Each structure stands twice: as C-alpha cells, then as structure tokens.
Amino acid sequence: MKKLLPIFLLVTSFSFAQNYTIGNWYNFKKGAICLTFDDWDSSHFEIAIPELNKRNIPGTFFINRLSDYSSTISAIEQGHEIANHTESHFHLREIKSWSLRRQISDFKMMLEENTGSLIKTFAYPFGEGGESDSSDYEIQDTVANGHIAARSVSQPLNDSDYSYNFAPNERDYFQIKTVHMKGDMDFYNESFRKVLKYGGMMTYMFHSIDKPGGWDNMESDHFKDVLDDLKLIEDSAWITTFMEAVSYHKEKQSAVLTTLNEPFENDNNWILKLSDTLRDDWYNQELSIKLLKPENITAITGATHGGINLDYSIEKDSIVFNAVPDKGEIIFSVLSCTQPTTNLSITGETKFCIPDSLKMEVDYDENYTYDWFRDSVNLNVLRGQKVVICG
C-alpha cells in the first residue's frame, strides 16, 4: 500500500498576471552573443562545427548556392542555423531590382527547398546594403520581405551599440553590427564584457578557420581559445543563433501575459495566455517569464501549456517558466489551504500546508509507503529520517 503525503510551501504574493516580468534574454541571461560564419567555407563543417558541438555552442552559417546541401542539412540537424548570403555573392549595390529579388528572395526559397528548414536571417555580401544610408533601403526592403533580420559588416563604434535598445525601429534589425574576428583575445573578451555590461546583442563574424590564404583566416587553436573563453561566461551570456536572438528580442517587445480565469474561478486552476502581435509561422521562440503568485494560492501542483506539461520552478514568491507566445492556454493547478495543527493524524493520501520552514518527526506505519513532495518535487526522504522543509 502506498501513502502519498504531498507537502506544499505557504508563501505570500501579490496579484494576478499583471505582476510579471519577461526576461530581456532567455533564462534571464544578461546579454546575447551570436557567432556567425560567412560563405560556408569547407573549414566550417570540418573544424568549426565539431568544435562548436564539443562545447554545445550553436552557430549561424551564411551560405551561397551549393552543388550539394547535405552538409548544411547535417549542420541544421546538429542545432546550427543555416542562413541566406545570396545566391552568387554579388555586389548588391551594382545590380537591378529584379536581380536583387533573384539573389535574395528566390535564393531564400531555394535554400528552404534544399535544406527543408525555414531561412529567417541574412548577411550582406561585402556588407553592401547593410548601412543606415537611404541608398541601401531598397536592398534592406527586399531582404525584409522574407527575413526577420540581417547582419551587416559595420563594427560597433561605441558602447551604445551594445545596449539592449539596439533596434528601436524595424529597419534597425536589418543593419545589425558585427565584430570582425581577426583580433587578439583581449579585444574579443572586452567585447564580450560589453555585451554583459550593457545587456544587448552582438554578432561575431568569422570566415575561414585554419586555412592559410583564406579570407580573415583564424588558426584553429585561436578559434578554440575563443570558444573556451565563451564557455566561461555562459552562465551570464546567452550564446545562441542569430535567428533565435532576434526572435526573442522581437517577441519580448510585443508579448503580453493575460489572465483568462483567475485562481479558483475555474476549479483549482489559474488560466493564463501568452500572446504577441507577430507572425506565428515566423516567431516561435520561448520567452522566460517570472510571475508573482497571488496571495490566495498556497501551492502549485502542476502546469500545462497548450495541453503539454510545462516545466516551472518556484523562486521565493514567483513562478519561473519558459513559454512560446500563442501556443495555447497556460494552466496552473493550484491549491488554497490552511496551516495544520501541531499534531497530525494521516489516514490516507493527504495534502496540507506548512509555513516557510518546518521540521517534522513522523511515526511511520510499516504498512504504508511514504512519499514526501514539495511543490510537486519529491524530497526523497528515507524512512526514519526527519522531514525538513525550508522556504
């Protein structure tokens, strides 16, 4: 016979879905770093991707037309982004409108057909088209017709380029700056520190790796050092693809968490919805949310999002979870109960509430199996041990 004794933590909170924050970056990281690689050099698949994979770091690879796309498909399957660098790497300022559409829009569709993956970002060959001058607007508008952002070759000139408000308007997403990876480690690390200090996003542009004579060639040992230094700051920096960083940044700006049913209005449920104003077929990046628990919720016993189990954690008086906008209702199963008296007699499956910190000595009945839970997490208390719950 198995006796379940769930334990629930009593905390004090404030109000409903109005009291929430969406992290500036995924998992509340301080800034976003995107490693980008131009021209699909052979060294990318042979050296860069294996080294990235060893460290669980994703990259964004901008490619032109290939005779064989199998290596790019493999890169996608390994968690990397394949992105548009035009069909032929032409000087975009020198070609006509119809040729722009062929090089950019038609090639995007070709890439999607050959890789089986949505192509959402772009990099300008030679950087032509990525400046703030109005003469580049036609190129940018052609890119914007089928992409969510584009990386230029312009380098950050001041600290404001590292700020979270790096794209105050939509056109700015098509003039994203980048750091050219052809300096020393002190130069790179100073740039990484600025990302964390000012809270923005920065891209880093690589070309060939360990290929003498290659464009902006970087020795493989130097490349490994860069990746190893990034691993040292991964607790603070979100190292991700260009597509995911931009998607998150845009979704965060437009996302709203609303209450559909307040706690206990629909049985023991609290029902919310996360929505945004963006295209659902283009934007499906998880957002990181910290939501204050209302005063009348004593405990949360589970959660779903769109009918699928939702992972969450309790941090003091808040619920922390990740969710994609417009993917269905977010339902928290909740309880409201009173604190127990000092002496308890448990005769079956029982749920009760405790203060923030408590020690209990239990007289175990040999005829039962005991499982102790706090906020749905098994405490793994062995028979005979004291049950210790700390807030």
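Residues numbered from 1 in each chain as written. Predicted model: local features only at pLDDT ≥ 70, side-chain atom pairs only at ≥ 80, totals over all residues. Heavy atoms only, no water.

Visitor: Whenever I open this one, the overall build of the protein confuses me. Can you help?
Guide: On a plain count of helices and strands, the protein comes out with 7 helices and 23 strands. When burial is assessed residue by residue, the protein has 49% of its 391 residues classed as buried. (Helix = DSSP H or I, 4+ residues; strand = E, 2+ residues; numbered from the N terminus. Buried < 20%, exposed > 50% of the residue type's maximum accessible area, 1.4 Å probe, protein only.)

Visitor: Explanation requested: the layout of surface pockets in the structure shown.
Guide: Taking a probe equal in size to a water molecule and rolling it over the atoms shows the remaining empty space. Taken as a whole, the second largest pocket encloses approximately 260 Å³ of empty space. Forming the walls of the second largest pocket are 16 residues, and the residues nearest its centre are D161, F166, Q175, I176 and K177. Per-class residue counts for the lining of the second largest pocket are 5 nonpolar, 7 polar and 4 charged. (1 Å grid on protein atoms, 1.4 Å probe; cavity = no way out; pocket = protein on both sides within 12 Å on 5 of 7 lines; lining within 4 Å. Points joined across faces, edges and corners; volume = space filled by probe spheres on them. Nonpolar A, V, L, I, M, F, W, Y, C, P; charged D, E, K, R; others polar.)

Visitor: Looking at this structure, I do not really get the side chain of H305. What am I missing?
Guide: With respect to the element layout, H305 can be found in strand β14 (residues 299-305). Overall, the relative accessible area of 11% leaves H305 in the buried class. The residues touching H305, leaving out its near neighbours within four places in the chain, are L310, A323, V324, K327, G328, E329 and I330. (Contact = heavy atoms within 4.5 Å.)

Visitor: Honestly, the nonpolar core in this entry has me stumped. Any pointers?
Guide: Most often, soluble globular proteins keep nonpolar side chains buried together rather than apart. If you look at the biggest cluster of nonpolar residues, it comprises 51 residues, and the most contacted ones within it are W25, M201, F321, I330 and F332. Not counting the four nearest positions on each side in its chain, F332 is found in contact with N268, N269, W270, L272, L291, I300, G302, A303, L310, I319 and F321. (Core = buried A, V, L, I, M, F, W, Y, C linked by side-chain atoms within 4.5 Å.)

Visitor: How do you make sense of the sheet that holds β14 when you look at a structure like this?
Guide: Hydrogen bonding along the main chain pairs the strands of a sheet, whether they run parallel or antiparallel. The 5 strands are arranged β11-β12-β18-β14-β15 in an open sheet whose pairing can be described as antiparallel. Unpaired on one side and paired on the other, β11 (256-261) and β15 (308-309) mark the two borders of the sheet. Bridge analysis of β14 against strand β18 (residues 329-335) gives 6 bridges, and the strand direction is antiparallel. Among the inter-strand pairings, A303 is bridged to a residue of β18, identified as F332. (Pairing = 2+ DSSP bridges.)

Visitor: Hey, could you run me through the environment of Y198 in this one?
Guide: With respect to the helices, strands and loops of the structure, Y198 is situated in helix α5 (residues 185-198). Spatially, the C-alpha atoms of Y198 and G31 are 7.7 Å apart, while their sequence positions differ by 167 residues. With near-sequence residues (within four places) excluded, Y198 lies in contact with D159, Y162, S163 and Y164.

Visitor: Got a minute to help me understand the pairing of strand β5 (residues 81-84) in this structure?
Guide: Successive residues of a regular strand alternate their side chains across the two faces of the sheet. Direction of pairing for strand β4 (residues 60-63) relative to β5: parallel, over a ladder of 4 bridges. By the bridge assignment, T60 is partnered in β5 with E81. Chirality of the crossover, the property in question, places the unit of β4, helix α2 (residues 70-77) and β5 among those that are right-handed. (Right-handed = clockwise from strand over helix to strand, strands pointing away.)

Visitor: What should I look at first to understand the packing of aromatic side chains in this one?
Guide: Any aromatic ring pair is given by two values, namely how distant the centres are and how the planes are angled relative to each other. On inspection of all chains with the given rule, the structure shows 19 aromatic pairs. Between W40 and F61 the ring centres are 5.4 Å apart and the planes differ by 90 degrees, which places this aromatic pair in the edge-to-face class. Taken as a pair, W40 in the loop between β3 (31-38) and α1 (42-54) and F61 in strand β4 lie far apart in primary sequence, 21 residues in all. The same class applies to W40 and to F61, which are both buried. One aromatic cluster in this structure is built from F37, W40, F45, F61, F206 and F223. The ring of Y173 carries K250 above its face, with NZ or CZ at 4.6 Å from the centroid. Positioned above the aromatic ring of W282 is the side chain of R279, whose terminal nitrogen or guanidinium carbon lies 4.0 Å from the ring centre. (Phe/Tyr/Trp six-rings, centres within 6.5 Å; stacked < 30°, edge-to-face > 60°. Lys NZ or Arg CZ within 6 Å of the ring centre and 35° of its normal.)

Visitor: Just checking my understanding: could you explain the sheet that holds strand β2 (residues 20-22) for this structure?
Guide: Spatial strand order, β2-β13-β17-β16: 4 strands in an open sheet with antiparallel pairing. Unpaired on one side and paired on the other, β2 and β16 (312-315) mark the two borders of the sheet. Here the average twist between neighbouring strands, direction ignored, is 20 degrees. Here β16 pairs with strand β17 (residues 318-323) via 4 bridges, running antiparallel. Note on β17: the bridge partner recorded for Y312 is F321. (Axes fitted to C-alpha atoms, helices over the stretch in contact; angles between N-to-C directions.)

Visitor: Before we go on, may I ask you to explain a negative patch on the surface in this structure?
Guide: There is a patch of like negative charges on the surface, built from D210, E219, D221 and D225. You can see D210 is positioned in the loop between β9 (201-206) and α6 (220-231). Its relative accessible area of 40% is what places D210 among the partly exposed residues. (Patch = residues over 30% accessible without salt bridge, like charges linked within 9 Å, V, L, I, M, F, W, Y side chains within 5 Å. Areas by Shrake-Rupley, 256 points an atom, 1.4 Å probe, with all protein chains shown as cover. Salt bridge = Lys/Arg side-chain N within 4 Å of Asp/Glu carboxyl O. Lys, Arg positive; Asp, Glu negative; His and termini not counted. Charge placed at Lys NZ, Arg CZ, Asp CG, Glu CD.)

Visitor: Would you mind going over α6 with me for this structure?
Guide: Within an α-helix, residues lying three or four positions from one another point in the same direction, as the helix has 3.6 residues per turn. Taking 1.5 Å of rise per residue, 12 residues should cover 16 Å, and α6 covers 17 Å from first to last C-alpha, within 8% of that figure. Turning to α6, its buried residues number three or more, namely S220, F223, V226, L227 and L230. Viewed end-on, α6 has its buried residues packed into an arc of 115 degrees, placing them on one side of the element. (Expected span 1.5 Å × (residues − 1). Arc of directions from axis to C-beta.)

Visitor: In this structure, what is going on with the environment of F242? I would like to understand it.
Guide: Here F242 shows up in helix α7 (residues 242-254). For F242, a relative accessible area of 0% corresponds to the buried category. F242 sits 210 residues away from A32 along the chain, and the two C-alpha atoms are 9.2 Å apart. The contacts of F242, once residues within four sequence positions are left out, are C34, T60, F62, E81, T121, F122, A149, A150, R151, I176, M201 and T203.

Visitor: Can you walk me through the pattern of salt bridges in this structure?
Guide: Two side chains bearing opposite charge may form a pair once their charged atoms approach each other closely. This structure, assessed with the given rule, holds 18 salt bridges. For K108, the salt bridge is made with E112, and the minimal N-O distance between the two is 2.7 Å. With a gap of 4 residues between them, K108 and E112 both fall in helix α3 (residues 97-115), about one helical turn apart. Put simply, D281 and R279 hold a salt bridge, and the shortest N to O gap is 2.7 Å. Exposure remark for R279: the relative accessible area of 42% places this residue in the partly exposed category. Look at the salt bridges and you will find they share partners, linking E51, K54, R55, K224 and D228 into a network.

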